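Reading the structure
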Amino acid sequence: MRSRSGRIFALVVLAGGCGGAPPPESATEVVAVRRPTLAGDPAAADWAALPTHRAALLLQDVVEPRLLAPSTPEVRVKAMTDGARLAFRLEWSDATTNDLPDTGRFSDACAVQLPATTAPDVPAPQMGEAGRPVEIAYWRASWQAVVDGRPDAITAIHPGAAVDHYPFEAASLPPGSPEQQAMAKRYAPARALGNPMAGPRAKPVEDLVSEGPSTLRPAGETRSDGRGVRTAGGWAVVVVRPMPAAVGSDARTQVAFAVWDGERREVGARKMRTGWVPLLVEGPR
Amino acid sequence: MGRVRNWQIGREMSYWYPEARPRRQFAAVFDTNKCISCQTCTVACKTTWTSGKGQEYMLWNNVETKPYGFYPMAWDLKLLERLGPQTWADGVYEGRTLFEAAEAGERVLGWRPEAIDYAHPNVGEDDCAGGAVERGAEYAVPHDRWFFYLARICNHCTYPACLASCPRASIYKRPEDGIVLIDQERCRGYQECVKACPYKKVFYNPMTGTSEKCIACFPKFEQGLQPQCFVNCIGKIRFAGHVSTPEHAREDNPIDWLVHVKKVALPLYPQWGLEPNVYYVPPIHVPRRFLRQMFGPGVDAAIETYRGAADDPDLAALFCLFGATERVVPRWKRTGDVVIGLEEDGTEIVRVPVREPVFIRRAFDAARQVVRTNTP
C-alpha cells in the first residue's frame, strides 16, 4: 500500500514539479510522513517538503442547527508521524482573526477527527455513532490567545470595563492563597465542576470523544497539543495527538477535518467539515 | 418534533421534544401595578449569584421601563418584528409560535444579541417622553405619555426555547419543580440558547465559556423558601409557588387561583409558545393594544377583575400575602378580614390583616412638648 501511495506522489510531483518546485500534493489521501521528530510549529521548515492534501469542506447541513451558507472552501493538510504521535498541519484561508470570546462573538477553530478503532467499517464521519466512537482534537483561536498570554480578565475582552470588586478578591483573602483560590472557583460554576471549557487553560487544544451528534464529551485527559498562528491570509495550525491505539506502522485509517469561521458566527454544529479522508501512517524506512 | 398541548394559546403546537410536564411547576405572579422599579430585586439577585468574572454584565433579574426600556436592547421588539403580525381568535392563537416559525436549519425563531445590546439596561428609565424634549425629556414619541415597570426573571417555561435549541442537551427541566437549568459541566458555550430564548434570560459567560441563567434560587426553593428577588421586593409585588394546568387547578393554591380562577395574572408574550410560568397582573393605565400584544387576549378581563379588587374580599386578601413571608405558601384561605397562608398539610405559615388598622397621631406631642414631623 505504501508503494502505491508513493507512486501517486511521484506522479503529482512530476506533473507539477518542472517550474519552481511547488510543494507536492497528495490528491486522494493524507500521508503522515515518517520523521524522527515532529514539528510543533506551523512555521517550521520541516513542513515545507511534505505533501499537501487539499480537503474540500462541506456544509454541516445534516443535523440542526445546520450551516446553510458555505464559508471556508477547503483546508490544506499535511501530516507527519514519529511512530508514537501524529501531527497534522491544517491551513485555511480566513480574512479575519476571531479569537475573543463574548456574547454573539465566536472563535475561529479547527478539529481533527479519527475513528477510535481501525476497522474496514468506519463509523459515520458526522461525529461517530453509538458504540463506535471517534476521537477529536479541537483547537480554538481564543484558547491559543490565552496560552499566548492574554490575561484571564474581563478587561482583556472589554478594555474599558470597570469592575468595583470581586468577592474572592477581598482584602481579607491573601492573593493566591488556597482559601482565595477555592472561593474564586465557587464564583465560576463551570470551572468548579471541572468543565474543561472553563479553564484554566494550558493548551489551545482539547481532546474529545463522540458517539454521534450531540454526544460530544471531553476525553478523560487531553494528551494532544498544538499551536496555531496567523498566516498572510488565514490560519496555520498544528495539532499533535497520540497515535490511535490500534494504528501501527504502515497502517491505514481515516481522518476527517472541520473548520469554524468565527466571523460568520460558526460554532458547534454550524461548521464546515469533510467526510472521511484516507490516512496513511508511514512506518520506519 | 413532538406535538404538545399549550393551554396558554388554547391549542396543540409543535415542540422539539414530546410533552413531559414536571410533577410540579415553579411559577410566580408579579403585580406590575405595585412595582416602583427600585431594583432591589436586581441587586438581591446580583449579589447572590452573579459576582464572578464574566458575570459583570449579567442581570438574571432586571426591571425595565416599558415601552422603551430593554435588557438587552429591543429584546422583544426584534423578535416581534421577525415573527410578524399574528392573530388570536376567541382565546385561541391562530398565528405561529417561535417553534413553528423556525427557519430552515433552526429549531427556534430567535436572534443573537451582542455585547453592546447589554450596555444600556434600561434606556428611557422613568422618562415620560412625549414631546417635551426642550424641557428635559430624553426623546419625543408620537403617542400619549405612559410607562410601566416590567420586572423580569427566567420564566422557567413549560416548553423552554433554550432547552429545545441546545444541540448538546445541556439544558434540562427538573421533573420535581420544572425549574430550567444549564448543566455547567456539560455546556460548551455554543450560545444557541442565548439566541433562542425570546426573553433573553440566558447569558454567555466569556470567562468560563459557558452560558448561565436564573436558577429560581433552587437551593432556597427546595427548602420551601421563595427566591431572593421575591423576598427582597420592597413593593411586595411578587409571589412564588407552583402552577397547575387549568384542568388541575386548585382554588386553595394561590397561584392557581390568580391564574386560572380569577384570570387576573397573565403570561408574558404567550403567543411565542413557550408557556412561560411568570404571570403578570397587567398595568391598569397602559393602552390596551400594547398590553394585548404583551400579555395576550385576557388583558381586558384581567384589568377589570383587578380594578374590582376593592369589592372582592378574596382578591384583596390574597394580594396581602405577597411579600408577607419568606416561605413558599402552597395554600391559602380568608377568614373575615384576615388572610392566612398555609402549608400543604394545613399548618399556618402567616396571617395578615387585609386592611391595616389606622392610627392617627396628633402633630403636637403634649407629653414631650414637641411637634412631630412626618419624614417620608
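Residues numbered from 1 in each chain as written. Chains lettered and ligands numbered in written order. Predicted model: local features only at pLDDT ≥ 70, side-chain atom pairs only at ≥ 80, totals over all residues.

1. Here we look at the overall build of chain B
Counting its regular elements, chain B contains 10 helices and 19 strands. Relative to the compact-globule value of 21 Å for 376 residues, chain B shows a C-alpha radius of gyration of 22 Å, a close match. Across the 376 residues that make up chain B, the buried fraction comes to 49%. When contacts within chain B are restricted to residue pairs at least 6 apart in sequence, those whose partners lie at least 24 apart make up 60%. (Helix = DSSP H or I, 4+ residues; strand = E, 2+ residues; numbered from the N terminus. Rg over C-alpha atoms; globule rule 2.2 N^0.38 Å. Buried ≥ 20, exposed ≤ 12 C-beta atoms within 10 Å, placed from the backbone. Contact = placed C-beta atoms within 7 Å.)

2. Description of the overall build of chain A
In terms of regular secondary structure, chain A is built from 4 helices and 14 strands. Scaling as 2.2 N^0.38, a compact globule of 285 residues should have a C-alpha radius of gyration of about 19 Å, and chain A matches this with 21 Å. Overall size of chain A, expressed as C-alpha extent along the three principal axes, is 70 × 45 × 40 Å. Evaluated residue by residue, chain A yields a buried proportion of 41% over its 285 residues. Here the analysis covers contacts within chain A between residues at least 6 apart in sequence; of these, 65% occur between residues at least 24 apart.

3. Considering helix α1 (residues 40-49) of chain B
All names here are of chain B. Along α1, the residues classified as buried are Cys41, Thr42, Cys45, Lys46 and Trp49. All buried residues of α1 fall inside an arc of 130 degrees around its axis, so they share one side. Structurally, α1 contributes buried residues whose contacts are with β4 (62-66), β7 (148-152) and α6 (228-231). (Arc of directions from axis to C-beta.)

4. As for the sheet that holds strand β12 (residues 238-243) of chain B
All names here are of chain B. Here we have 4 strands laid out as an open sheet, ordered β12-β3-β14-β13, and mixed in their pairing. Looking at the sheet topology across the chains shown, the edges are occupied by β12 and β13 (266-267). Pairing between strand β3 (residues 25-31) and β12: 6 bridges, direction antiparallel. In the strand pairing of β12, Ala28 is matched with Ala240. In the packing of helix α7 (residues 254-261) onto the sheet, contacts are made with β3, β12 and β14 (278-281), and the angle to β12 comes to roughly 85 degrees. (Pairing = 2+ DSSP bridges. Axes fitted to C-alpha atoms, helices over the stretch in contact; angles between N-to-C directions.)

5. Details of the sheet that holds strand β15 (residues 331-335) of chain B
Strands in a sheet are paired, the pairing made by backbone hydrogen bonds, and the direction either parallel or antiparallel. Residue and element names in this part refer to chain B. Read across the open sheet, the 3 strands follow the order β15-β16-β17; overall the sheet is antiparallel. Across the chains shown, the open sheet's two edge strands, defined by having one partner strand only, are β15 and β17 (348-353). Between one strand axis and the next, the sheet turns by 20 degrees as a mean value, whatever way the strands run. For strand β16 (residues 338-342) and β17, the ladder comprises 5 bridges, and the chain directions are antiparallel. Opposite Ile340, over in β17, you have Arg351 as the bridge partner.

6. Side note on the environment of Glu326(B)
Residues and elements named next belong to chain B. Mapping Glu326 onto the fold places it in the loop between α10 (313-319) and β15. C-beta crowding within 10 Å serves as the criterion here: with 16 such atoms nearby, Glu326 is assigned to the partly exposed category. Considering only alpha carbons, one finds Glu326 and Ala27, 299 residues apart in sequence, at a separation of 15 Å. Not counting the four nearest positions on each side in its chain, Glu326 is found in contact with Leu225, Gln226 and Val231.

7. Some points on the domain arrangement of chain A
Examined at the domain level, chain A breaks down into domain 1 (2-10 + 22-152 + 204-281) and domain 2 (164-199). Distance between the C-alpha centres of domain 1 of chain A and domain 2 of chain A: 34 Å. (Domains from an automatic or database assignment.)

8. Focus: the nonpolar core
Membership of the largest hydrophobic core comes to 104 residues, with the highest contact counts inside it found for Val29(B), Cys162(B), Leu258(B), Ala265(B), Tyr279(B) and Tyr280(B). Top element by residues in this core is β3(B). It accounts for 5 residues. Apart from residues lying up to four places away in sequence, Leu258(B) is in contact with Val29(B), Val264(B), Ala265(B), Tyr279(B) and Leu318(B). Counting residues in each nonpolar core, the second largest holds 51 residues, with Trp92(A), Trp139(A), Trp260(A) and Val267(A) among its members. (Core = buried A, V, L, I, M, F, W, Y, C linked by C-beta atoms within 7 Å.)

9. Describing the pairing of strand β1 (residues 30-34) of chain A
Residue and element names in this part refer to chain A. Summarising burial for β1: 4 of the 5 residues are buried, a large majority. In this sheet, strand β14 (residues 277-281) lies alongside β1 in parallel orientation, the contact comprising 3 bridges. Among the inter-strand pairings, Val30 is bridged to a residue of β14, identified as Leu279. Two elements, β1 and strand β4 (residues 74-81), share 3 bridges in a ladder whose sense is parallel. Bridging across to β4, Val33 finds its partner in Met80.

10. A few points about unusual backbone geometry
Cis geometry marks the peptide bond from Glu64(A) to Pro65(A); its omega dihedral reads -5 degrees. Tracing the backbone shows Pro65(A) in the loop between β3 (58-59) and β4. A cis geometry characterises the amide bond from Lys66(B) onward to Pro67(B), with omega recorded as 15 degrees. Relative to the elements of secondary structure, Pro67(B) occurs in the loop between β4 and α2 (75-83). The phi dihedral of Cys217(B) falls on the positive side, at around 45 degrees, and the residue is not glycine. Along the chain, Cys217(B) falls in the loop between β11 (210-213) and α5 (218-221). The exposure class of Cys217(B) is buried, given the 24 C-beta atoms found within 10 Å.

11. Side note on the confidence of the model for chain A
Looking at chain A, the pLDDT average stands at 90 and 92% of residues meet or exceed 70. The low-confidence segment residues 1-19 of chain A (pLDDT under 50) makes 18 contacts with residues lying over four places distant or belonging to another chain. (pLDDT = per-residue confidence, 0-100.)

12. Some thoughts on helix α9 (residues 299-307) of chain B
All names here are of chain B. By the burial criterion, the buried members of α9 are Val299, Ala302, Ile303 and Tyr306. Along the axis of α9, the buried positions cluster into a sector of 95 degrees, meaning they face one direction only. With respect to the buried face of α9, the exposed residues turned more than 90 degrees away are Asp300 and Glu304. Residues of α9 that are buried in the fold lie against β13, β14 and α8 (288-295).

13. Regarding the environment of Gly323(B)
Residues and elements named next belong to chain B. Relative to the helices and strands, Gly323 resides in the loop between α10 and β15. C-alpha separation for the pair Gly323 and Tyr57, spaced 266 residues apart in sequence, amounts to 28 Å. Here Gly323 is in contact with Cys233, Lys236 and Arg238, once residues within four sequence places are set aside.

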